[in-house]
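# Survey of secondary and tertiary structure
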Amino acid sequence: MRVVVDQDLCGTTGQCVLTLPGTFRQSEPDGVAEVCVATVPQALHAAVRLAASQCPVAAIRVIESDAGDDERASADPAPAPAEAEQRNPGGRDGTV
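For the structure given in this document, a descriptive report is provided here. (Residues numbered from 1 in each chain as written. Predicted model: local features only at pLDDT ≥ 70, side-chain atom pairs only at ≥ 80, totals over all residues. Heavy atoms only, no water.)

## Digging into the environment of cysteine 36
Along the chain, cysteine 36 turns up in the loop between strand 3 (33-35) and helix 2 (45-54). Judged by its relative accessible area of 33%, cysteine 36 falls in the partly exposed class. Not counting chain neighbours up to four residues away, the residues in contact with cysteine 36 comprise Gly22, Thr23, Phe24 and Arg25. (Helix = DSSP H or I, 4+ residues; strand = E, 2+ residues; numbered from the N terminus. Buried < 20%, exposed > 50% of the residue type's maximum accessible area, 1.4 Å probe, protein only. Contact = heavy atoms within 4.5 Å.)

Following this line, the structure appears as structure tokens:
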């Protein structure tokens, strides 16, 4: 497993660093998250998935396989506005 941070998308909240400080860090000048490891050890897979799921701007991508074109990201990108509208027609999602 590998993990990648989209540094252009990173919101500099540091949530990933708080969740898993040995795997993520924030750069000094701007606070953008960086990955500290090339390959994530098996023991940290669940924690990395948790950090990715908690990223408020979905800037963290987990790559389950290192097999080139067979890469599968475990963190799904946010749906396009048209997709979100189809899932929630009229903006009614049951929330008050």
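Alright, that's what it looks like, and here's the rest.
## A short note on the pattern of salt bridges
Under the counting rule described, the total for this entry stands at 2 salt bridges. A salt bridge links arginine 25 to glutamate 34; the nearest nitrogen and oxygen atoms lie 2.9 Å apart. You can call glutamate 34 partly exposed: its relative accessible area is 24%. Taking the shortest distance from any N to any O, the salt bridge between arginine 49 and glutamate 64 comes out at 2.9 Å. Residue arginine 49 is located in helix 2, and its partner glutamate 64 is located in the loop between strand 4 (60-63) and helix 3 (81-87); the two are separated by 15 residues in the primary sequence. With relative accessibility at 33%, the residue arginine 49 sits in the partly exposed group. The class for glutamate 64 is partly exposed, based on a relative accessible area of 25%. (Salt bridge = Lys/Arg side-chain N within 4 Å of Asp/Glu carboxyl O.)

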